[in-house]
Amino acid sequence: TLLPPPPTTLVSPDSGSTGLPVFDTIPLVWNSVATATSYSVFIGNSPNPKDITMRASTPDTTHIFFAKQCNTAYYWYVIAENNNGKSNNSEIWSFTSGGPAIPAAPALAAPANGDTTGLSVQFSWNSVTGNEKYLLKLSASPNDADVIASYSAIDTTIYITLPFDNFTYYWWVKSRNCSGESV
């Protein structure tokens with residue numbers, strides 16, 4: 001009588017690995033089990049097997065995973081299968097995706113410090129490498145405490161109609177990507 005296969009052992013990435021590629025492929029590899037005909041791979045963001053968010057089946061001992069989030073912990077395990085049933089879970093291993101460096105703050109281009117403008121204003125700044133989007137803030141003072149409005153942009157120029165005429169505005173732009181926001 002054939003039995004379900006025994007559990008497999010995971011090979012790579014090593015449990016606890018960090019800085020694995022994001023928006024790229026990560027091969028999940030385990031050892032072959034002689035009586036297995038297929039494997040189910042379970043992946044999630046919690047070590048609890050009930051919180052698994054992705055399942056894939058394969059006859060191979062490798063599954064290519066695509067990490068879609070920066071700086072995120074992933075947990076995975078494998079179950080070996082054959083016509084007589086399923087093995088117990090392998091050990092649960094974890095790895096953490098990396099991410100790009102936090103981008104630098106862009107240099108402001110226009111309007112220049114101290115300029116007098118009308119209510120309709122074109123704001124522009126220099127492009128920053130590694131940026132996914134920019135956040136422009138308008139304030140009544142030179143700090144975050146008195147922010148009047150925030151605007152998100154993917155380009156380096158934005159047109160804004162200011163809410164108040166004859167008013168002194170302070171403005172700055174932060175660049176942002178999945179790892180964080182410039183200072």
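Just so we're clear, the structure is a prediction, and the values are computed from it rather than from any experiment.

Calculation rules
Residues numbered from 1 in each chain as written. Predicted model: local features only at pLDDT ≥ 70, side-chain atom pairs only at ≥ 80, totals over all residues. Heavy atoms only, no water. Pairing = 2+ DSSP bridges. Helix = DSSP H or I, 4+ residues; strand = E, 2+ residues; numbered from the N terminus. pLDDT = per-residue confidence, 0-100. Core = buried A, V, L, I, M, F, W, Y, C linked by side-chain atoms within 4.5 Å. Buried < 20%, exposed > 50% of the residue type's maximum accessible area, 1.4 Å probe, protein only. Contact = heavy atoms within 4.5 Å. Disulfide = S-S within 2.5 Å. Axes fitted to C-alpha atoms, helices over the stretch in contact; angles between N-to-C directions. Phe/Tyr/Trp six-rings, centres within 6.5 Å; stacked < 30°, edge-to-face > 60°.

Chemist: When you look at the sheet that holds strand β13 (residues 147-153) in this model, what are you seeing that I'm missing?
Modeler: In any sheet, the strands associate via hydrogen bonds between backbone groups, in a parallel or an antiparallel arrangement. Spatially, 4 strands are ordered β13-β12-β15-β16 in an open sheet, and the strand pairing comes out antiparallel. A single partner strand is all that each edge strand has here, and the edge strands are β13 and β16 (180-181). One ladder, built from 6 bridges, connects strand β12 (residues 133-139) with β13; its direction is antiparallel. In the strand pairing of β13, Lys137 is matched with Ser150.

Chemist: When you look at the confidence of the model for the protein in this model, what are you seeing that I'm missing?
Modeler: Residues shown with low pLDDT carry predicted positions that ought not to be read at fine detail. Looking at the protein, pLDDT values average 93 and 99% of them are 70 or higher. Per-residue pLDDT, averaged within each element of the protein, yields its smallest value for strand β5 (residues 52-58) (91) and its largest for strand β1 (residues 10-12) (98).

Chemist: How do you make sense of the nonpolar core when you look at a structure like this?
Modeler: Proteins that are soluble and globular tend to have nonpolar side chains buried together. Core analysis: the largest hydrophobic core is formed by 18 residues, its most contacted members being Leu28, Trp30, Phe65, Trp76 and Phe95. When residues of this core are traced back to their parent elements, those giving at least two are β3 (25-30), β4 (38-44), β7 (73-82) and β9 (93-97). It is β7 that contributes the most residues to this core, 4 residues altogether. The residues contacting Leu28, other than those within four sequence positions of it, are Ser12, Pro13, Val41, Ile43, Thr61, Thr62, His63, Phe65, Trp76 and Phe95.

Chemist: Looking at this model, I keep getting lost on the environment of Pro59. Mind explaining?
Modeler: The topology assignment puts Pro59 in the loop between β5 and β6 (62-66). With 83 residues separating them in the primary sequence, Pro59 and Pro142 have C-alpha atoms 60 Å apart. Sequence-distant contacts of Pro59, defined by excluding residues within four places in its chain, comprise Thr37, Ser38 and Tyr39.

Chemist: Sorry, what's going on with the state of the cysteines here?
Modeler: In a disulfide, the sulfur atoms of two cysteines are held together by a covalent bond. Per the stated rule, a full pass over the model turns up 1 disulfide. The disulfide partner of Cys70 is Cys178, and the S-S distance across this bridge is 1.6 Å. On the S-S bond that ties Cys70 to Cys178, the torsion sits near -40°, and the link is left-handed. In this pair, Cys70 sits in the loop between β6 and β7 while Cys178 sits in the loop between β15 (170-177) and β16, placing the two residues 108 residues apart along the sequence. Its relative accessible area of 29% is what places Cys178 among the partly exposed residues.

Chemist: How should the sheet that holds strand β11 (residues 120-125) be read in this particular structure?
Modeler: On the basis of which strands lie adjacent, the open sheet formed by 3 strands has the order β10-β11-β14 and antiparallel pairing. The open sheet has two edge strands, β10 (108-110) and β14 (157-161), and neither has a second partner. Sheet twist, expressed as the average angle between the axes of neighbouring strands with direction ignored, equals 30°.

Chemist: Hey, could you run me through the packing of aromatic side chains in this one?
Modeler: Remark: the centre distance and the inter-plane angle together describe each pair of aromatic rings, the angle taken between the planes. With the rule as written, the count across this model stands at 11 aromatic pairs. Centroid distance Phe42 to Tyr77: 4.8 Å. Interplanar angle 10°. Geometry classified as stacked. Of the two residues, Phe42 sits in strand β4 while Tyr77 sits in strand β7, which places them 35 residues apart along the sequence. Judged on exposure class, the residue Phe42 and its partner Tyr77 are both buried. Members of the aromatic cluster, joined through ring pairs, are Trp30, Tyr39, Trp76 and Trp93.

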